[in-house]
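This is what each chain is made of:
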Amino acid sequence: MTIVVAIVAAYLLGSIPFAYLAGKLRGIDIRTVGSKNVGATNVFRSLGKGTGFAVMGADIAKGLVAALIALALSDAPWPLFAGAAAILGHVFPVWLRFKGGKGVAVGGGVVLGLMPLTVLILAIVFVAIVAVTRFVSLGSISVAIAFTPLTLLLDEPWPNVVFAAAASVFVLAKHRANIGRLWRREELRLDFSRRKPPGDVPGP
């Protein structure tokens, strides 16, 4: 029963649509502006970097809390299932008719709770790539590609490796359109200097 509670709680935590709520506080439906994605990157572009950082932090936190609750209530490998439930909750939130974000930030929070050294290295990779290229999607894609080999290099338990492989495939699948735009050189760069007005633009 505790395992079921942990997984359900993780899904519900993951489902909290912080990007949507942040938009509502500003009188904007984030699903109708920018890339129309319910995620931190669209908030950065549409509502500004301050709100974007707040939403990213909240998304990371809900993944971390979900993982810590699962660790407190269950033994390995069940916290990994709870972590997966949190990611699925973000991507398919019950509150928004199962149409959410891409799960990278909440996934980072989950991995922070379950594999802290791994996520520290991946975070450095992500920040470095985004800082140099200003493509958030390229940072996410690169992290997804590096995740599984890194767990092997760090000699993580095999359930963690399987989780990493599944999460990586999921993230890459969610970024299919971004990969196409990067290939065609049509992907938008993240602009930290100012907030652009909401518009119908592609992006992560």
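Residues numbered from 1 in each chain as written. Predicted model: local features only at pLDDT ≥ 70, side-chain atom pairs only at ≥ 80, totals over all residues. Heavy atoms only, no water.

A. Structural detail: the packing of aromatic side chains. Applying the stated rule across the entire model yields two aromatic pairs. Ring centres of phenylalanine 44 and phenylalanine 53 lie 4.9 Å apart, and the angle between their planes is 85°; this geometry places the pair in the edge-to-face category. Aromatic pair tryptophan 78 and phenylalanine 81: ring centres 5.1 Å apart, planes at 40°, arrangement tilted. Of the two residues, tryptophan 78 and phenylalanine 81 are both situated in helix H5 (residues 78-91); the distance of three residues between them amounts to about one turn of the helix. Overall, the relative accessible area of 36% leaves tryptophan 78 in the partly exposed class. Accessibility expressed as a relative area gives 47% for phenylalanine 81, which makes it partly exposed. (Phe/Tyr/Trp six-rings, centres within 6.5 Å; stacked < 30°, edge-to-face > 60°. Helix = DSSP H or I, 4+ residues; strand = E, 2+ residues; numbered from the N terminus. Buried < 20%, exposed > 50% of the residue type's maximum accessible area, 1.4 Å probe, protein only.)

B. The environment of leucine 73, seen in detail. Topologically, leucine 73 is positioned in helix H4 (residues 49-73). Judged by its relative accessible area of 38%, leucine 73 is partly exposed. When the C-alpha atoms of leucine 73 and valine 5 are compared, they prove to be 8.4 Å apart, with 68 residues separating the residues in sequence. Not counting chain neighbours up to four residues away, the residues in contact with leucine 73 comprise Thr2, Val5 and Ala6. (Contact = heavy atoms within 4.5 Å.)

C. Geometry of helix H3 (residues 40-47). Burial of H3 is extensive: eight of the eight residues sit out of reach of the surface. Within the span of H3, buried status applies to Ala40, Thr41, Asn42, Val43, Phe44, Arg45, Ser46 and Leu47. Those residues of H3 that are buried lie in contact with helix H2 (18-25), H4 and helix H8 (136-153).

D. Seen up close, the packing of helix H7 (residues 116-133) against H8. H8 packs onto H7 with a crossing angle of 150° between their chain directions and a minimal axis gap of 9 Å. When the axis of H7 is compared with that of H8, the two are roughly antiparallel. Relative to H8, H7 is oriented so that their crossing is right-handed. Between H7 and H8, the contacting residues are Thr118, Ile121, Leu122, Val125, Phe126, Ile129, Val130 and Thr133 on the first element and Val136, Leu138, Gly139, Ser140, Ser142, Val143, Ala146, Phe147, Leu150 and Thr151 on the second. Class assignment of the residues belonging to the contact of H7 with H8 gives a composition of twelve nonpolar, six polar and no charged. (Axes fitted to C-alpha atoms, helices over the stretch in contact; angles between N-to-C directions. Parallel < 35°, antiparallel > 145°, perpendicular 65-115°, else oblique. Left-handed = near helix turned anticlockwise from the far one by under 90°. Nonpolar A, V, L, I, M, F, W, Y, C, P; charged D, E, K, R; others polar.)

E. Structural context of unusual backbone geometry. Residues alanine 76 and proline 77 are joined by a peptide bond in cis, for which omega reads 5°. Mapping proline 77 onto the fold places it in the loop between H4 and H5. Phi angles above zero are rare outside glycine, and lysine 36 is one such case at about 70°. Turning to its location among the elements, lysine 36 is positioned in the loop between H2 and H3. Of note in the backbone geometry, arginine 97 takes a positive phi value of approximately 55° without being a glycine. Tracing the backbone through its elements, the reader meets arginine 97 in the loop between H5 and helix H6 (104-114).

F. Expanded view of the pattern of salt bridges. Here the structure, examined in full by the defined rule, presents four salt bridges. Arginine 31 is the salt-bridge partner of aspartate 29, the closest N and O atoms lying 3.0 Å from each other. A salt bridge links arginine 184 to glutamate 186, with the shortest nitrogen-to-oxygen separation between them at 3.0 Å. Judged by its relative accessible area of 48%, arginine 184 falls in the partly exposed class. (Salt bridge = Lys/Arg side-chain N within 4 Å of Asp/Glu carboxyl O.)

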